[in-house]
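A look at the structure
Residue-level listing of the chains:
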Amino acid sequence: MVARAVVAGCGGYLPETVLTNADLARSVDTSDEWIVQRTGIRERRVAAEGEFTSHLATAAARIALDRAAMLPSELDLIVVATATPDETFPATATRVQDALDMRRGAAFDVQAVCSGFIYALNVADNFIRLGQSEAALVIGAETFSRILDWQDRATCVLFGDGAGAVVLRAEQGEGTAADRGVLSNHLRSDGRHHDLLFVDGGPSSTRTVGHLRMAGRDVFRHAVVNLASVMQEALAANGLTADDIDWVVPHQANLRIIRSTSSKLGMPEEKVIVTVDHHANTSAASIPLALAEAVTDGRIKRGDLCLLEAMGGGFAWGASLVRW
């Protein structure tokens, strides 16, 4: 028998303010048709003044805990994936820990931009496998609206704010692909491509928070190749094929990337969870938000095999196989 990190509950939270493509067209040279055709995005949420990443993360965490029928006092680990923390330090996870009144264990952040949730899931999974955690909260939360250049139509139309969370509980399994829980994680990065997707600011280099910069075509090309490769790697590591997968839950960056990657894997579109049209790209929050929506509406059911994948700045990318 081996320790498995089993998903006990998940939840998502979105700010109240909705920003449609038509709203953006009033302030930047774009149109609903242009955005939908190139990205599949129709609207996104934007955090209110005074609403921070930790607030979104805490709200999602409370929903996930409620659906897991667990109390914060039962947790011994919180890992928050974010590229938009409340402050340079301390970790946003400690703000969430305090808000939940969790008084034991550890809380820290992981930064891998859009791949952050996969990285954070891997970290929490390892804690559980090694017996260092019995119950972990993994959160992806972002307020990307704070780092966008709202005059750059190539980037400002792509992103939104939000948070998603999953609660993991340690359970014993047989160590096979039939087990519930996280089966495997596969992480990759390549720092040579820094200049294709980055924020031009930081406390060490410029002392100011900058704006997101992206070479969209190059990112698209790398994303499709890298994601297809790491997804195949995840399947091979578990002796599975694409036919064994019930759901692909991709990072919600761009509908064309999602479709191209799924096509390379040979996955039909009806097996791919898509929320980018109404969430836009919420970076580290996109996968847990998509999971929460698909579980809530009944698509993802107990026992389903889900393949999660994401790529973001760094470049950093990865995939996780999870049996629900």
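Right above here is the structure, for reference.
I will try to describe carefully the structure that is included in this document.

The rules behind these values
Residues numbered from 1 in each chain as written. Predicted model: local features only at pLDDT ≥ 70, side-chain atom pairs only at ≥ 80, totals over all residues. Heavy atoms only, no water. Helix = DSSP H or I, 4+ residues; strand = E, 2+ residues; numbered from the N terminus. Buried < 20%, exposed > 50% of the residue type's maximum accessible area, 1.4 Å probe, protein only. Pairing = 2+ DSSP bridges. Axes fitted to C-alpha atoms, helices over the stretch in contact; angles between N-to-C directions. Contact = heavy atoms within 4.5 Å.

Along the chain, Phe 89 connects to Pro 90 via a cis peptide bond; the corresponding omega equals 5°. As for its placement among the helices and strands, Pro 90 is situated in the loop between β4 (77-81) and α4 (92-99). Here Gly 314 and Phe 315 are connected by a cis peptide whose omega angle stands at -20°. By secondary structure assignment, the location of Phe 315 is in the loop between β12 (305-312) and β13 (316-323). Of note in this structure, Ala 69 is not a glycine but carries a positive phi near 55°. Relative to the helices and strands, Ala 69 is located in the loop between α3 (53-67) and β4. The phi dihedral of Ala 280 is positive, around 60°, even though this residue is not glycine. Inspection of the secondary structure puts Ala 280 in the loop between α9 (276-279) and α10 (286-296). Among the residues examined, Ala 280 registers a relative accessible area of 0% and is labelled buried.

The strand order across the open sheet formed by 5 strands is β1-β7-β6-β4-β5, and the pairing between neighbours is mixed. Pairing within the sheet leaves two strands with one partner each, and these edge strands are β1 (2-13) and β5 (106-110). Across the sheet, the axes of successive neighbouring strands diverge by a mean angle of 20°, strand direction being ignored. Examined bridge by bridge, β1 and strand β7 (residues 161-173) share 11 bridges and lie antiparallel to one another. Bridge assignment links Tyr 13 to a residue of β7, and that residue is Ala 163. Most of the contacts of helix α5 (residues 116-129) go to strand β6 (residues 135-143), to which it runs at about 165°, and overall it touches β1, β4, β5, β6 and β7. Contacts from α10 reach β1, β6 and β7, with the element oriented near 85° to β1.

Time to look at the sheet that holds strand β8 (residues 181-189). If you walk across this open sheet you meet the 4 strands as β8-β13-β12-β11, and the pairing is mixed. Each having just a single partner strand, β8 and β11 (247-250) make up the two edges of the open sheet. Pairwise comparison of adjacent strand axes, ignoring direction, gives a mean angle of 15° for this sheet. Across 4 bridges, β11 lies against β12 in parallel orientation.

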